[in-house]
Amino acid sequence: MRSKYTSSQITLHWLVFLLVVVAYSAIELRGLVPRSVGRIFIYTHFSCGIAILVLMVSRLLLRAKYPEPPIEPKPKALYTGLSHLVHVILYLMFIALPLLGVAAKYYGGREWFAFGISMPVAAEGDEDVEMQLRAIHAFIANSSYFVVALHAVAALVHHYFWRDNTLLRMMPGKRSR
């Protein structure tokens with residue numbers, strides 16, 4: 001059995017990570033620049049979100065095709081269960097966030113762009129639906145800071161304290177122990 005994830009899985013993992021950093025940075029920093037420049041930040045956020053959705057679905061398909069390489073030495077069942085729970089939450093968050101964002105923009109009824117392309121909008125916007133979707137999107141996005149931090153800290157604990165191969169399985173160009 002493989003001791004690492006496939007190169008496709010590793011590439012998608014780190015590409016999603018970079019896109020999440022760019023998407024979050026763009027939306028957080030947009031208020032620090034003039035409104036005309038801020039639009040570029042917002043469109044970057046939208047484009048990254050859609051790309052994250054496509055990549056997360058691709059990751060799910062690859063995860064279904066290739067079994068997870070084992071962690072050596074094997075962790076306690078409790079930690080394995082918590083790990084699976086956090087991964088399910090991450091997948092759900094990073095699939096739901098773009099879907100909610102696109103739906104909110106659609107119901108906004110105003111022109112918006114992703115990848116430089118004008119995206120579809122409802123003929124008549126529904127501000128109530130848009131605001132509800134945006135609120136849910138913002139709640140999940142803010143919650144994801146915690147979940148992503150938990151995921152990263154757990155990987156570091158596995159590597160530096162428990163000294164297993166958890167982190168190495170997802171590192172490009174590194175061999176597992």
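Everything that follows concerns the structure shown earlier in this document.
Worth saying up front: this structure is predicted, and the values here are computed from it rather than measured.

Topic: a nonpolar patch on the surface
Nonpolar side chains collect at one region of the surface, where Leu78, Tyr79, Leu82, Leu85, Ile89, Leu156, Tyr160, Phe161 and Trp162 lie side by side and expose about 930 Å² of accessible area between them. Going through the elements one at a time, helix H3 (77–108) and helix H4 (127–160) are the ones with two or more residues in the nonpolar patch. If one sorts the elements of the nonpolar patch by residue count, H3 sits on top with 5 residues. Structurally, Leu78 can be placed in helix H3.

Some words on the packing of aromatic side chains
Taken as a whole and judged by the stated rule, the model has 7 aromatic pairs. Seen in terms of ring centroids, Tyr24 and Tyr145 are 4.9 Å apart; in terms of plane orientation they differ by 85 degrees. Their pairing is edge-to-face. Taken together, the positions of Tyr24 in helix H1 (residues 7–29) and Tyr145 in helix H4 put the pair 121 residues apart, joining distant regions of the chain. On the basis of relative accessibility, which here comes to 13%, the residue Tyr24 falls in the buried class. An aromatic cluster is built from Tyr43, Phe46, Trp112 and Phe113, whose rings are joined through pairwise contacts.

Thoughts on the nonpolar core
The biggest cluster of nonpolar side chains holds 26 residues, and the ones touching the most others in it are Tyr24, Ile52, Met56 and Phe94. Of all the secondary-structure elements, those providing two or more residues to this core are H1, helix H2 (35–65), H3 and H4. Broken down by element, the residue count for this core peaks at 9 residues, all from H3. Apart from residues no more than four positions distant in its own chain, Ile52 is found in contact with Val16, Leu19, Val20, Ala23 and Phe94. Formed by 5 residues, the second largest nonpolar core is a distinct cluster that contains Ile50, Trp112, Ala114 and Met119.

A closer look at the packing of H1 against H2
The geometry of H1 relative to H2 is characterised by a closest axis approach of 8 Å and an angle of 155 degrees between their N-to-C directions. One element, H1, and the other, H2, form an angle in the roughly antiparallel class. In this structure, H1 meets H2 at a crossing whose hand is left-handed.

Structural notes on the pattern of salt bridges
Inspection of the entire model under this criterion finds 4 salt bridges. The shortest N-O distance in the salt bridge between Arg169 and Glu68 comes to 3.4 Å. Residue Arg169 is found in the segment after H4, and its partner Glu68 is found in the loop between H2 and H3; the two are separated by 101 residues along the sequence. Taken together, the shared-partner salt bridges connect Arg63, Glu68 and Arg169 into one network.

Remarks on unusual backbone geometry
Glu72 connects to Pro73 through a cis peptide bond whose omega is -10 degrees. Phi is positive for Phe115, close to 60 degrees, though the residue is something other than glycine. If you trace the backbone, Phe115 turns up in the loop between strand S1 (113–114) and strand S2 (117–118). Here Phe115 falls in the partly exposed class, since its relative accessible area comes to 49%. Although it is not a glycine, Arg163 adopts a positive phi angle of roughly 55 degrees. Note on placement: Arg163 falls in the segment after H4.

A closer look at the packing of H1 against H4
The geometry of H1 relative to H4 is characterised by a closest axis approach of 13 Å and an angle of 140 degrees between their N-to-C directions. In terms of orientation, H1 and H4 fall into the oblique class. For H1 against H4, the interelement crossing comes out left-handed. Contacts between H1 and H4 pair His13, Tyr24 and Glu28 from the former with Ala141, Ser144, Tyr145 and His151 from the latter. Class assignment of the residues belonging to the contact of H1 with H4 gives a composition of 3 nonpolar, 3 polar and 1 charged.

Parameters at a glance
- Residues numbered from 1 in each chain as written.
- Predicted model: local features only at pLDDT ≥ 70, side-chain atom pairs only at ≥ 80, totals over all residues.
- Heavy atoms only, no water.
- Patch = residues over 30% accessible without salt bridge, like charges linked within 9 Å, V, L, I, M, F, W, Y side chains within 5 Å.
- Areas by Shrake-Rupley, 256 points an atom, 1.4 Å probe, with all protein chains shown as cover.
- Salt bridge = Lys/Arg side-chain N within 4 Å of Asp/Glu carboxyl O.
- Helix = DSSP H or I, 4+ residues; strand = E, 2+ residues; numbered from the N terminus.
- Phe/Tyr/Trp six-rings, centres within 6.5 Å; stacked < 30°, edge-to-face > 60°.
- Buried < 20%, exposed > 50% of the residue type's maximum accessible area, 1.4 Å probe, protein only.
- Core = buried A, V, L, I, M, F, W, Y, C linked by side-chain atoms within 4.5 Å.
- Contact = heavy atoms within 4.5 Å.
- Axes fitted to C-alpha atoms, helices over the stretch in contact; angles between N-to-C directions.
- Parallel < 35°, antiparallel > 145°, perpendicular 65-115°, else oblique.
- Left-handed = near helix turned anticlockwise from the far one by under 90°.
- Nonpolar A, V, L, I, M, F, W, Y, C, P; charged D, E, K, R; others polar.

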